[in-house]
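Residue-level structure breakdown
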Amino acid sequence: MDLELSKEDLAFRDGLREVFLGAVPEDVRRRTALGETTREDIVTSQRILNEHGLAVPHWPQEWGGRGWSPTQSHLYSSELQRAGVPQPLAFNVSMVGPIIAEFGSEEQKRTFLPATANLDIWWSQGFSEPEAGSDLAGLRTTARRDGDQYVLNGQKTWTTLGQYGDWMFVLARTDPDAPRKQQGLSFLLLDLNTPGIERRPIKLIDGSAEVNEFFFDEVRIPAENLVGEENKGWSYAKFLLGNERNGIAQVGTGQRIYADLAAASGAIPTEDGLLGHDPQFRTALHTAKTTLLALEATQLRVTAASENGKASPVSSLLKMEGTQALQELIKLRMRAAGSDGMLTGTGEQVRAGDAASVAATQYLNQRKLSIFGGSNEIQRGVIAKTILGL
């Protein structure tokens, strides 16, 4: 979308590009564009952004926020993804950080927020369970109050990058007798070095092991690690999930993949000429471009609607349509890669660029996008209830 940017906004955008392209190392951005980001890349990038005041711009200003306008917030997200800069760790900056800043005690804020912004603490998300993923309110992990501690028992699963986690924010059931399953839940902060915790990697279809499962056996959490009020955790979780869905859409990443495909297709040979001249491929590219334009406008609406600290229900629409668009673009990348994109090498030199060599793994890995963060079926229910009033 060609936003009608003011001179001030154009200068703001150029300032972002100067940091993203000048301060973040090129090899870090290259690996990110290929979907090969390492833990060290994420830490390095986030600390550089934090040094420039760009790691947590949406936080309250006293804790590093910038007080940007919706347009500036949109430009930040879009330019970050287009430049291939690793996203600041979402578990830190978009999930637990804003929750602590809004609902945490003053001691929790002083203890956790600076370290969370600088990624001195790597947070993991303790929400999904074997029978409570998309239907999160059905979780069964319990946190029983025992004096000045909570005693945690249960299991969490699909914990993305949990192998690196130092701390985990956990949603657990503190009142099993609550009349509704959304009630009786609390939001707790857990040091993952606490005795009684076992973590196991889960191997995925693309061969990676980026997700984990955690088992808790009589794990003791100090009561001062409760965030906000006991049994009010569902309210905090809803705000957190709204931020998560907004980030999952990755509109800027989709724009970067589209631009790469449009530029490369004119030089990729087919049996009838060049891929860029293929009518079906051109139609698919135009459809992708139109979808991305609509998603960019939707993302701007969600950003504006979230400025008051409330999650926008439109984030469900953005998450659902954004992930589907990204999956379609990855399919087009697979087509452009041809045999170069096979998981097993053909023995021939890759001719379609570095992106071809990772096309298959990204295709398999990103099947998850329409499932995690609340499956698209769940998002349709949210849209029907909160937007359409059905």
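Calculation criteria
- Residues numbered from 1 in each chain as written.
- Predicted model: local features only at pLDDT ≥ 70, side-chain atom pairs only at ≥ 80, totals over all residues.
- Heavy atoms only, no water.
- UniProt positions renumbered as here; feature names shortened; annotations may be inferred.
- Patch = residues over 30% accessible without salt bridge, like charges linked within 9 Å, V, L, I, M, F, W, Y side chains within 5 Å.
- Areas by Shrake-Rupley, 256 points an atom, 1.4 Å probe, with all protein chains shown as cover.
- Salt bridge = Lys/Arg side-chain N within 4 Å of Asp/Glu carboxyl O.
- Helix = DSSP H or I, 4+ residues; strand = E, 2+ residues; numbered from the N terminus.
- Expected span 1.5 Å × (residues − 1).
- Buried < 20%, exposed > 50% of the residue type's maximum accessible area, 1.4 Å probe, protein only.
- Contact = heavy atoms within 4.5 Å.
- Core = buried A, V, L, I, M, F, W, Y, C linked by side-chain atoms within 4.5 Å.
- Domains from an automatic or database assignment.
- Pairing = 2+ DSSP bridges.
- Polar contact = N/O pair within 3.5 Å; in protein donor to acceptor, adjacent residues only side chain to side chain.
- Phe/Tyr/Trp six-rings, centres within 6.5 Å; stacked < 30°, edge-to-face > 60°.

The protein is annotated in an unreviewed UniProt entry as Alkylation response protein AidB-like acyl-CoA dehydrogenase of Amycolatopsis jiangsuensis. What UniProt states about the protein under its Sequence similarities (unreviewed entry) heading is, verbatim, "Belongs to the acyl-CoA dehydrogenase family." Turning to the protein, the UniProt record has this under Cofactor (unreviewed entry): "FAD".

Quick look at a nonpolar patch on the surface now. A cluster of nonpolar side chains, contributed by Ile387, Leu388 and Leu390, occupies part of the molecular surface with about 340 Å² of accessible area. The residue Leu390 is located in the segment after α13 (376-387) in this model.

Count 3.6 residues to each turn of an α-helix, and residues three or four apart come out pointing the same way. The terminal C-alpha atoms of helix α8 (residues 251-264) lie 20 Å apart, and with 14 residues this matches the ideal 20 Å at 1.5 Å per residue to within 8%. Within α8 the residues assigned to the buried category are Val251, Gly252, Thr253, Gly254, Gln255, Arg256, Ile257, Tyr258 and Leu261. Looking at the buried residues of α8, the elements they touch are α2 (26-33), α4 (70-82), α9 (279-305) and α10 (314-337).

A few words now on the nonpolar core. Of all hydrophobic cores here, the largest spans 56 residues; its most connected members are Phe20, Trp123, Phe169, Phe187 and Leu189. If you list the elements that add at least two residues to this core, you get α1 (7-22), α3 (39-51), α4, α5 (90-103), α6 (106-117), β4 (167-173), β5 (185-191) and α7 (233-248). Top element by residues in this core is α5. It accounts for seven residues. Each of two domains, domain 1 (7-88) and domain 2 (123-231), supplies a minimum of three residues to this core. Not counting chain neighbours up to four residues away, the residues in contact with Phe187 comprise Val96, Ile99, Phe127, Phe169, Val170, Leu171, Asn225, Leu226, Val227, Gly233, Tyr236 and Leu240. Listed in part, the 23 residues of the second largest apolar core include Val251, Tyr258, Leu292 and Leu318.

Where strand β3 (residues 149-160) and strand β7 (residues 211-222) come together, nine bridges link them in antiparallel fashion. Looking at the pairing, Thr160 lines up with Val211 of β7. Relative to β7, strand β6 (residues 197-202) runs antiparallel, the two being bridged by six bridges. Residue Ile202 lies in a different strand from β7, and its bridge partner there is Val211.

The backbone phi angle of Leu119 is positive, close to 60 degrees, even though this residue is not glycine. Counting through the fold element by element, Leu119 comes out in the loop between α6 and β1 (123-126). Located in the positive-phi region is Glu218, a residue other than glycine, with phi close to 55 degrees. Residue placement: Glu218 occurs in strand β7.

A separate point is the environment of Arg82. Examined against the element boundaries, Arg82 turns out to sit in helix α4. In this view, Arg82 contacts Gly252, Gln255, Arg256 and Glu296; residues no more than four positions away in its chain are not counted. Within polar-contact distance, the side chain of Arg82 engages the side chain of Gln255 at 3.1 Å.

In this section: the packing of aromatic side chains. To describe a pair of aromatic rings, one takes the distance between the centres and the angle between the planes. Within the structure shown, the criterion is met by twelve aromatic pairs. Relative to Phe169, the ring of Trp123 lies with its centre 6.4 Å away and its plane at 50 degrees, an arrangement referred to as tilted. Placement of the pair is Trp123 in strand β1 and Phe169 in strand β4, with a sequence separation of 46 residues. Trp123 sits in the buried class, given a relative accessible area of 0%. Residue Phe169 is classed as buried on the basis of its relative accessible area, which comes to 0%. Considering the side-chain rings of Phe127 and Phe187, the 6.4 Å spacing of their centres and the 90 degrees angle between planes classify their relative orientation as edge-to-face. With Phe127 in the loop between β1 and β2 (142-146) and Phe187 in strand β5, the pair connects residues that are 60 residues apart, well separated along the chain.

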